[in-house]
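# Coordinate analysis (summary)
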Amino acid sequence: MDFNTLIFVGFFAAATALNYLFPRVARPWFLLLASYVFYLYKPENARLVFVLITLTLVTYLCGLVIEASHKPAVRRAFLLLGILAGCGFLFFFKYFEFFTGKALDLMAPLGLSYFTFQSMGYVIDVYQKVCPAQKNPVKYALFVSFFPCIFTGPIERAGHLMPQFDAPARFDYDRVAGGVFRMLWGYCKKMVLADTIGGFVKSVYSLPEGMPGPYLLLASLLFSYQIYLDFSGCCDIAIGGAQALGFTLTENFNRPFGAHSYTELWNRWHMSLTGWFRDYIFTPLSFANRGLPGFWGKLQGWFNVFIIFPISGLWHGASWGYVIWGVFNGLFMVIGKATARSRRKLNKKNPLYKNALLRTAIQRTIVYLLFTFCIVFFAADLYGGSAGAVLGGIFGGWGMGVSAFWNGLAGKGLDIAAIAVLVIGGVLVAAVESRGLVSDWIRRQRFFVRWPLYWLLALALLTFGVFGQSAFIYQQY
């Protein structure tokens, strides 16, 4: 069941109403049932639901044994079993053909990358005594399959989400209203703004050979913003939906294009995945390789930073385009960290940086351009084009006239009306999100600000949004 369909809107409204009608002790049972109804709605998931059930059972039992046993060998064995179960399903369904070259024509269960990481994180946390093992199988199954975040994240931690199942929140109008507004906000970001950009980007990237450079450059720059709007909009729906149900999910974005450095951008982008890699890959690597002297210690630290990004590329998909995207992101991160001290010294002597606004504009522009360069490989893989053709073609075809350029834009879905919607919408998104969480911000406004904004967003969604014809980009991962 996709978020951007009317069937989901009806399902969510019914689930929210029934959730508060059930006694609090029965809500985990009801939400588990609702989560499996949500998951099984698509026939392909119904055929592969055994993956979700098996991983849930295996990691649940691993957690119990790890906590109950005092023998290090037993604890390590069941830690390894929990990790191998998650990695095994990931490898078989997503990476078998990529690594072996043998075509099995496998279809990966939707949400596989999310619920495997979530369950593996739980087993590791129990092993490290970060959180206790969950004794109640219903609450653990709900943790793995909770429908607002099973397909698209954020990737939750057991210590954050499971205690909320023990004490479900009572109905609170402000909380529910704030959550529903955040869902509406996410729908507009996705279906009004991201999908408007997506039509143009797809038309350019699906056949980049021979495409004039101005269109290739514009499509690349716009795709960076499209994927932010698409993914963060999806997370707004998930987090807002969970809030309306009485639960708080982890924030996944914090205005990443407001970052002043590449490291800061990745501290603000897909924060639940970044945090997962930091805690379960980077930190163990750093601990295992600590103590190397001088330059070798720095080199090892840079390698630990770098290696996360190709792994992240593979997490997105079994394709060299995603791996290359990860490699370039890792290189930019390492270069940024390696040159940080020298750049700080140079920045003090840079006359352009004496003005704070100009310095901010330059730094954010550089970060955005670096991110866009990397995202070319991501977009090319997503839309079936060639990243080489895009990057090579950007430098050609600049002799076209202004009239021809504008006519071409309109023919590819970016007419004057669409551009106006994007500009106005982009300014509104930047202005509101700079004030903090939109669900909190809206509740602080007076009714004569709140209600016109409700109607404005609803009207924009009904006028420009298209239900069910463009899935969220990150839903496929």
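These figures come from a predicted structure and were not determined experimentally.

Side chains of K298, R341, R343, R344, K345, K348 and K349 sit close together on the surface and give a patch of like positive charge. Here the element with the most residues in the positive patch is helix 14 (residues 340-349); it accounts for six residues. Its location among the elements puts R344 in helix 14.

Between helix 3 (residues 43-68) and helix 6 (residues 137-145), the shortest axis-to-axis distance is 10 Å and the interhelical angle comes to 125°. As judged from the angle between their axes, helix 3 and helix 6 are oblique. Between helix 3 and helix 6 lies a crossing whose hand is right-handed. Each of L52, T56, T59 and Y60 in helix 3 lies in contact with helix 6, whose residues at this interface are P137, Y140, A141, V144 and S145. In terms of residue class, the contact of helix 3 with helix 6 is built from six nonpolar, three polar and no charged.

Moving on to the pattern of salt bridges. This model, assessed by the stated rule, comprises 13 salt bridges. For D279, the salt bridge goes to R157, with nearest N and O atoms at 3.0 Å. Taken as a pair, D279 in helix 11 (residues 271-288) and R157 in the loop between helix 6 and helix 7 (158-166) lie far apart in primary sequence, 122 residues in all. What makes D279 partly exposed here is its relative accessible area of 27%. A relative accessible area of 21% means that R157 is categorised as partly exposed. Residues R182 and E251 are paired through a salt bridge, measuring 2.8 Å at the closest nitrogen-oxygen approach. Taken as a pair, R182 in helix 8 (residues 173-205) and E251 in the loop between helix 9 (213-245) and helix 10 (262-268) lie far apart in primary sequence, 69 residues in all. Judged by its relative accessible area of 5%, R182 falls in the buried class.

According to the stated counting rule, one finds 60 aromatic pairs in the structure shown. Judged by centre distance (5.4 Å) and plane angle (70°), the rings of W325 and F378 are edge-to-face. Placement of the pair is W325 in helix 13 (residues 320-338) and F378 in helix 15 (residues 356-383), with a sequence separation of 53 residues. Side by side, W325 and F378 carry an identical accessibility label, which is buried. The interplanar angle of 85° and the centroid separation of 4.8 Å between the aromatic rings of W451 and Y454 together place this pair among those described as edge-to-face. Here W451 pairs with Y454, and both are found in helix 20 (residues 447-464), just three residues apart, close to one helical turn. The side chain of K412 reaches across the aromatic face of Y215, ending 4.7 Å from its centre.

Turning to the confidence of the model for the protein, a few remarks are in order. In the predicted model, the protein carries a mean pLDDT of 90, and the fraction of residues at 70 or more is 95%. Per-element averaging of pLDDT across the protein places helix 12 (residues 294-316) at the bottom with 83 and helix 6 at the top with 96.

So, about the state of the cysteines. Taken as a whole and assessed by the stated rule, the structure comprises zero disulfides. Take C87: it sits in no disulfide, and the sulfur closest to it among the cysteines is that of C62, at 12 Å. In this structure C131 is a free cysteine whose sulfur lies 14 Å from that of C62, the closest cysteine sulfur available. According to the relative accessible area criterion, C131 is buried, its value standing at 8%.

With 33 residues, helix 9 ought to run about 48 Å at 1.5 Å a step, and its terminal C-alpha atoms sit 48 Å apart, in line with that. Within helix 9, the axis deviates most sharply at F223, by approximately 25°. The element helix 9 is largely enclosed, with a buried count of 29 among its 33 residues. A positive phi of about 105° marks G246, the residue just after helix 9.

Rules of the game
- Residues numbered from 1 in each chain as written.
- Predicted model: local features only at pLDDT ≥ 70, side-chain atom pairs only at ≥ 80, totals over all residues.
- Heavy atoms only, no water.
- Patch = residues over 30% accessible without salt bridge, like charges linked within 9 Å, V, L, I, M, F, W, Y side chains within 5 Å.
- Areas by Shrake-Rupley, 256 points an atom, 1.4 Å probe, with all protein chains shown as cover.
- Salt bridge = Lys/Arg side-chain N within 4 Å of Asp/Glu carboxyl O.
- Lys, Arg positive; Asp, Glu negative; His and termini not counted.
- Charge placed at Lys NZ, Arg CZ, Asp CG, Glu CD.
- Helix = DSSP H or I, 4+ residues; strand = E, 2+ residues; numbered from the N terminus.
- Axes fitted to C-alpha atoms, helices over the stretch in contact; angles between N-to-C directions.
- Parallel < 35°, antiparallel > 145°, perpendicular 65-115°, else oblique.
- Left-handed = near helix turned anticlockwise from the far one by under 90°.
- Contact = heavy atoms within 4.5 Å.
- Nonpolar A, V, L, I, M, F, W, Y, C, P; charged D, E, K, R; others polar.
- Buried < 20%, exposed > 50% of the residue type's maximum accessible area, 1.4 Å probe, protein only.
- Phe/Tyr/Trp six-rings, centres within 6.5 Å; stacked < 30°, edge-to-face > 60°.
- Lys NZ or Arg CZ within 6 Å of the ring centre and 35° of its normal.
- pLDDT = per-residue confidence, 0-100.
- Disulfide = S-S within 2.5 Å.
- Expected span 1.5 Å × (residues − 1).
- Bend = angle between axes of the 7 residues up to and from the residue.

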